[in-house]
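The chain contents come next:
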Amino acid sequence: MFWKSVVGKLWMTIILLFSFVLFILTVLLLEFFHNQSMEEAKSSLFRTAKQVETILEEHSDIEQSTQIVWQIIDPNKDVVIVLDDTNIYSSLNDLNKKEVYQLFSRDETLKKSLVNDRQVSETTYLSSSLGGDNVTQGTIVGIPINNDGMDGAIYAFQSVDSSESTNAQTTIFILIAVGIGIVLTTIFAFFLLSRVTAPLRKMREAASELARGKFDMKVPILTNDEIGELAIAFNQMARQLKYNMTALQQEKENLSNILINMADGVIMFNRDGEILVTNPPADDFLRYSFLDETKQKKQSGNQVPDALSDLFLEVKGTGKAKIAEITTQGHDWVILMNPLYRQNDIRGAVAVLRDMTEERRLDKMRKDFIANVSHELRTPIAMLQGYSEAIIDDIAETADEKKEMAQVIYDESLRMGRLVNELLDLARMEAGHQTLNIEEVEVGSFLGRISKKFQRAAQEKNVDVYTTLDHPEALVELDPDRIEQVFTNLIDNALRHTPGGGEVQIIQRTLDNGTQFDVKDSGVGISEEELPFVFERFYKVDKARTRGRSGTGLGLAIAKNIIHGHGGKIDVYSKVGQGTTFTFFLPAKK
Ligand SMILES: Nc1ncnc2c1ncn2[C@@H]1O[C@H](COP(=O)(O)OP(=O)(O)OP(=O)(O)O)[C@@H](O)[C@H]1O
Ligand SMILES: [Mg+2]
């Protein structure tokens, strides 16, 4: 753990570096001290040799002078005076003169003092003939003797073990330095641990919080150095990130709000045809199309529906937008599918769907309406043409016949006029231009007058028309002319579809929040399939039977518009062979 941390690595590096430098330094220092002591030994030996030379010069007697020399030289130094192979004097006792002469006359360096009159020096292992042990190193210097009558060389030498103790001391000092260095480095490392890595650790914690989505994290700025700057930069980054995330979130919300509130459906597919995104109208479409499919097979809910799969495959294959029309569960959809690209690859498709059912219905209604109007007008116009032609061609012989023809023309023109007026009324009402003259009307007298109007026609057909009133004295707010038109239309229908011996009942009921009126007959009734359509313009149940008679199919449409204009509602209940009840409700005005 510690070794993996920054501080551990730093500590290790510093210790290694420190040890390495000290090691090199130790080696160089030891080398330097060694050379230094060698140099010192050498120059001291030269001084000794010179001293010996001076003494030899001052005293003619060699025996006497050597005695002086042996007394004055350092005890750790030794001197050998070589004159020839037999005349060899030395501070050492028991000297093998032969060996010593051979040593000095054969050694390539040392013999130069004897032969070439040159000063020489050499560091070598002292042989046993010079009192050494062949293991310890020693320094030997030689100078030539240039005394008159005397020829040879003076050699002075010394073993070097005396400098070993200095080396050992130096090493100990350096080791102590290494120890202190390691301790200091460790203390320094732990100081760093608290000062440097504590803020770093805080930052790491903050970063992982940030990664978890907590954008409010703030790192305390403890120092003024790079780490402090890092903390400032980190906080800035967190702020920026938060800002960007919020902006992104808002953008996303905006888009999803737009998507949800769109009138058109939107479905997004990925490459494999899985549904990724939908909005409520698209959900409707999917529900309908999956309902269609369950008849054939069960399909997983988020795969492209069968109805769209051909379109999807085509768009995916060609990479081009395509429009198609699909009908599901009686709904007509227009679908525009566009491929979605990632660089050059198609990564899916997005379909925009619009429910065209209402438009299609309105379109059909418009066409039907024109066809119906032309059809309704064609019959009277044909009659007018036929009869007027007959009059012009003098086909009628008697005045009565002529009058009869003129009567037909008159009736037909009235019928046409009424049709056109009704159409105009309907158009005006549907456009919302209905102005009502609301009055307070007493139910009893109002309905009595209307039922009286139909008594004659009822007697002719042998149908009983009567009223059943809950509260005859009740006052109802309505437009009397318009509501009379509603009753006229309903009673007229009832009479027309009720055979002789039947009855038509006009019922009034006072409810809490308004008044309900029923027109109930015991006639032929309307089949269940026809019921939903009777209020539509030009709708006639039995087209053949009503043709030629006054019916145009507008009566109930007009009644419905008038009731809606009063804020009420109209309904129909019927059973074939038993009778029909038209019931409408007028709310009481507050
Ligand atoms: N009481 C009823 N019993 C049976 N069928 C009815 C009754 N009232 C209406 N219908 C049917 O509903 C159709 C539509 O009625 P509506 O009053 O709108 O038109 P119409 O009576 O044919 O023509 P108009 O009233 O314009 O002269 C009628 O053609 C008829 O077939
Ligand atoms: Mg009618």
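Residues numbered from 1 in each chain as written. Chains lettered and ligands numbered in written order. Predicted model: local features only at pLDDT ≥ 70, side-chain atom pairs only at ≥ 80, totals over all residues. Heavy atoms only, no water.

Novice: Quick one: what's the story with a nonpolar patch on the surface, residue by residue and with numbers?
Specialist: Where nonpolar side chains cluster on the molecular surface, the patch consists of L17, F20, V21, F23, I24, V27 and L28 and spans about 700 Å² of accessible area. We classify F23 as exposed; its relative accessible area is 53%. (Patch = residues over 30% accessible without salt bridge, like charges linked within 9 Å, V, L, I, M, F, W, Y side chains within 5 Å. Areas by Shrake-Rupley, 256 points an atom, 1.4 Å probe, with all protein chains shown as cover. Salt bridge = Lys/Arg side-chain N within 4 Å of Asp/Glu carboxyl O. Buried < 20%, exposed > 50% of the residue type's maximum accessible area, 1.4 Å probe, protein only.)

Novice: Now, about the packing of aromatic side chains: what can you tell me, with residues and values included?
Specialist: On inspection of all chains with the given rule, the structure shows eleven aromatic pairs. Centre to centre, the rings of F104 and Y155 are 3.8 Å apart; their planes meet at 10°, and the pair counts as stacked. Taken together, the positions of F104 in helix α3 (residues 97–106) and Y155 in strand β5 (residues 152–159) put the pair 51 residues apart, joining distant regions of the chain. Aromatic rings pair up to connect F446, F487, F517 and F584 into one cluster. (Phe/Tyr/Trp six-rings, centres within 6.5 Å; stacked < 30°, edge-to-face > 60°. Helix = DSSP H or I, 4+ residues; strand = E, 2+ residues; numbered from the N terminus.)

Novice: Tell me about the site of ligand 1, and please be specific about residues and values.
Specialist: Taken together, 20 residues are adjacent to ligand 1, and N493, R496, D521, G553 and L556 come closest. Measuring from an oxygen atom of ligand 1, one finds a backbone N or O atom of G553 at 2.9 Å. One of the backbone nitrogen or oxygen atoms of L554 is found 3.0 Å away from an oxygen atom of ligand 1. Protein contacts shield 97% of the accessible area of ligand 1, which totals 590 Å² for the unbound molecule. Looking at the shell around ligand 1, the elements with two or more residues in it are α12 (480–496), α14 (555–565) and β17 (579–587). When residues in the shell around ligand 1 are grouped by element, the largest group, three residues, is from α12. (Near = heavy atom within 4 Å. Polar contact = N/O pair within 3.5 Å; in protein donor to acceptor, adjacent residues only side chain to side chain.)

Novice: Explain the sheet that holds strand β8 (residues 322–328) residue by residue, including any values.
Specialist: Across the sheet, five strands lie side by side as β7-β6-β10-β9-β8; this open sheet has antiparallel pairing. With one partner strand each, in any of the chains shown, β7 (275–278) and β8 form the two edges of the open sheet. Across the sheet, the axes of successive neighbouring strands diverge by a mean angle of 25°, strand direction being ignored. Where strand β6 (residues 265–270) meets β7, three bridges bridge the pair, whose relative direction is antiparallel. From the neighbouring strand, M268 faces β7, where its bridge partner is V277. Running at roughly 140° to strand β9 (residues 331–342), helix α9 (residues 357–392) makes contact with β8, β9 and β10 (345–355) of the sheet. (Pairing = 2+ DSSP bridges. Axes fitted to C-alpha atoms, helices over the stretch in contact; angles between N-to-C directions. Contact = heavy atoms within 4.5 Å.)

Novice: Go over the pairing of β10 with me, naming the residues and quoting the values.
Specialist: For β6 and β10, the ladder comprises six bridges, and the chain directions are antiparallel. Within β10, the residue paired with I267 across the bridge is A351. Of the pairings in the sheet, the one linking β9 to β10 comprises ten bridges and is antiparallel in character. Across the sheet, R342 pairs through a bridge with D345, a residue of β10. Counting the residues that bridge the hairpin from β9 to β10 gives two residues, and of these Q343 lies at a positive phi of roughly 50°.

Novice: Give me the packing of helix α10 (residues 399–430) against α14: which residues, what numbers.
Specialist: Close contact between α10 and α14 brings their axes to 10 Å; oriented N to C, the two are set at 35°. Two packed elements cross with a definite hand, and for α10 against α14 that hand is left-handed. Across from E422, L426, M429 and E430 in α10, the residues of α14 making contact are A557, I558, N561 and I562. (Left-handed = near helix turned anticlockwise from the far one by under 90°.)

Novice: I'd like a description of empty space enclosed by the protein, backed by residues and values.
Specialist: Throughout the structure, instances matching the rule amount to two cavities of 30 Å³ or more. Empty space within the second largest cavity amounts to approximately 40 Å³. The wall of the second largest cavity is formed by E376, P380, R415, M416, L419 and T552. If you list the elements that add at least two residues to the lining of the second largest cavity, you get α9 and α10. Residues that form the lining of the second largest cavity fall into these classes: three nonpolar, one polar and two charged. (1 Å grid on protein atoms, 1.4 Å probe; cavity = no way out; pocket = protein on both sides within 12 Å on 5 of 7 lines; lining within 4 Å. Points joined across faces, edges and corners; volume = space filled by probe spheres on them. Nonpolar A, V, L, I, M, F, W, Y, C, P; charged D, E, K, R; others polar.)

Novice: So what's going on with the domain arrangement of the protein chain? Which residues, and what values?
Specialist: Examined at the domain level, the protein chain breaks down into domain 1 (10–166), domain 2 (213–261), domain 3 (262–355), domain 4 (360–430) and domain 5 (439–587). The distance between the C-alpha centroids of domain 1 and domain 3 comes to 109 Å. (Domains from an automatic or database assignment.)

Novice: I'd like a rundown of the pattern of salt bridges, residues and numbers included.
Specialist: As enumerated under the stated definition, the model contains 25 salt bridges in all. A salt bridge links R361 to E358; the nearest nitrogen and oxygen atoms lie 3.1 Å apart. Note that R361 and E358 are positioned in helix α9 at a spacing of three residues, about one turn of the helix. For E358, a relative accessible area of 43% gives the class partly exposed. The salt bridge involving E422 is made with R418; its shortest N-O contact spans 3.7 Å. In this pair, E422 and R418 are both assigned in helix α10, four residues apart and thus about one turn of the helix distant. Salt bridges here are not isolated pairs; linked through shared partners, they connect E209, R212 and K214.

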